[in-house]
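Secondary and tertiary structure notes
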Amino acid sequence: ITNPSTGKPTFDFGGNQLRTYGSVSFVSGMGITKNAGSLFGMYNASGTSTLTTNGVLIPRIFLSGAGTKQLADNLTIDCPSPYSQFQKSEGAVFDPNGKTVTFTGGSVSFSTDSDTTFYNLTITGIADKADFFAIDRNITVSNVLTINGNSAINRLLVRSDTLGTQRTITAANVTATNSDFRDIKGAGDDDWDLSSATGGSGDCGGNTGITFTT
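Below or above, wherever it landed, is the structure these notes cover. All values reported here derive from a predicted model rather than from experimental measurement.

A few words now on the overall build of the chain. Within the chain, the secondary structure is distributed over zero helices and 23 strands. Expected size for 214 residues packed as a compact globule is a radius of gyration near 17 Å; at 17 Å, the chain falls within 12% of this value. Counting only C-alpha atoms, the chain reaches 55 × 40 × 25 Å along its principal axes. Going through the 214 residues of the chain one by one, you find that 50% of them count as buried. Within the chain, residue pairs in contact and separated by at least 24 positions form 46% of the contacts whose partners lie at least 6 positions apart. A total of about 9,000 Å² of accessible surface is found on the chain, and carbon and sulfur atoms cover 48% of it. One finds the centroid of the 14 positive side-chain charges in the chain at a distance of 6 Å from the centroid of its 18 negative side-chain charges.

Here is the structure:
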């Protein structure tokens, strides 16, 4: 449906999934209507499919099938819980291609069948004291990992999806504000010294390799 005021299409996900089997390019400035159940899926079983968002915010993403899913530009995922915002299954290969992935919807969780590598990864917290970033596998950030809690009160908890099961985040560079950690191992070229983080950094147990605010 084309919005007469902008001349751009508007796509209404509702609580449904948009399945694609090849490369996808969204129209710059187009509208997206979504809710917590909305899902964008890439299902190519072989070869490489590219995703070009042109700045359009998409809901949760599901990567399935053994083909490569490659970013052609930066990707921002903006959809609230209770569902996993980043899902990967059936041997899907995610290629960040030097682009930035940003999560802005709050309460981010992963559901993946293997470890995942990002180039730049940014987690932006929301005004919710229960906000979290939960991973079910190890992740690698080859350039910059940015973790920003909303405030000193509405903090972002970076944690394993399973209490007592440690996950490793390997990052070349790490910046964090207003954030706490549980069951996370900090690894990579950065020293994970978060002692001077704005708003402080908190040790909620089960962590190694991270220097927290005293």
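So, next bit.
Here we take up the environment of E90. Mapped onto the secondary structure, E90 falls in the loop between β11 (86–89) and β12 (93–95). Residues E90 and T112 lie 22 residues apart in sequence; the distance between their C-alpha atoms is 9.3 Å.

Turning to the nonpolar core, a few remarks are in order. Ranked by size, the top nonpolar core spans 43 residues in total, and within it L51, L121 and F133 carry the most contacts. With residues near it in sequence (within four places) discarded, F133 still touches V108, F110, L121, I123, I139, L156, L157, V158 and R159.

Across the sheet, which stays open at both edges, the nine strands sit in the order β3-β6-β8-β11-β14-β17-β19-β21-β23 with parallel pairing between neighbours. Looking at strand neighbours, the two that pair on one side only are β3 (17–20) and β23 (201–203), the edges of this open sheet. Each neighbouring strand pair of the sheet contributes to a mean axis angle of 15°, computed without reference to strand direction. When β11 meets strand β14 (residues 108–112), the two strands line up parallel, connected through three bridges. Of the residues in β14, the one forming a bridge with Q87 is S111.

Tallied over the full model, the rule gives five salt bridges. We note a salt bridge from D78 to K34, for which the minimum N-O separation is 3.7 Å. With D78 in the loop between β10 (75–77) and β11 and K34 in strand β5 (residues 31–34), this pair connects stretches of sequence that are 44 residues apart. When its relative accessible area of 27% is taken as the criterion, K34 is described as partly exposed.

This part is about the sheet that holds strand β7 (residues 48–52). What the four strands build is an open sheet, ordered β4-β7-β9-β12; its pairing is parallel. If you trace the sheet from one side to the other, it starts and ends with β4 (24–25) and β12, each paired once.

Right, let's talk about unusual backbone geometry for a bit. Although it is not a glycine, N54 sits at a positive phi angle of roughly 50°. Tracing the chain through its elements places N54 in the loop between β7 and β8 (60–64). A residue is classified by how much of its surface remains accessible, and N54, at 35% relative accessible area, is partly exposed. Of note in the backbone geometry, S107 takes a positive phi value of approximately 50° without being a glycine. Structurally, S107 can be placed in the loop between β13 (100–103) and β14.

What counts, and at which threshold
- Residues numbered from 1 in each chain as written.
- Predicted model: local features only at pLDDT ≥ 70, side-chain atom pairs only at ≥ 80, totals over all residues.
- Heavy atoms only, no water.
- Helix = DSSP H or I, 4+ residues; strand = E, 2+ residues; numbered from the N terminus.
- Rg over C-alpha atoms; globule rule 2.2 N^0.38 Å.
- Buried < 20%, exposed > 50% of the residue type's maximum accessible area, 1.4 Å probe, protein only.
- Contact = heavy atoms within 4.5 Å.
- Areas by Shrake-Rupley, 256 points an atom, 1.4 Å probe, with all protein chains shown as cover.
- Lys, Arg positive; Asp, Glu negative; His and termini not counted.
- Charge placed at Lys NZ, Arg CZ, Asp CG, Glu CD.
- Core = buried A, V, L, I, M, F, W, Y, C linked by side-chain atoms within 4.5 Å.
- Pairing = 2+ DSSP bridges.
- Axes fitted to C-alpha atoms, helices over the stretch in contact; angles between N-to-C directions.
- Salt bridge = Lys/Arg side-chain N within 4 Å of Asp/Glu carboxyl O.

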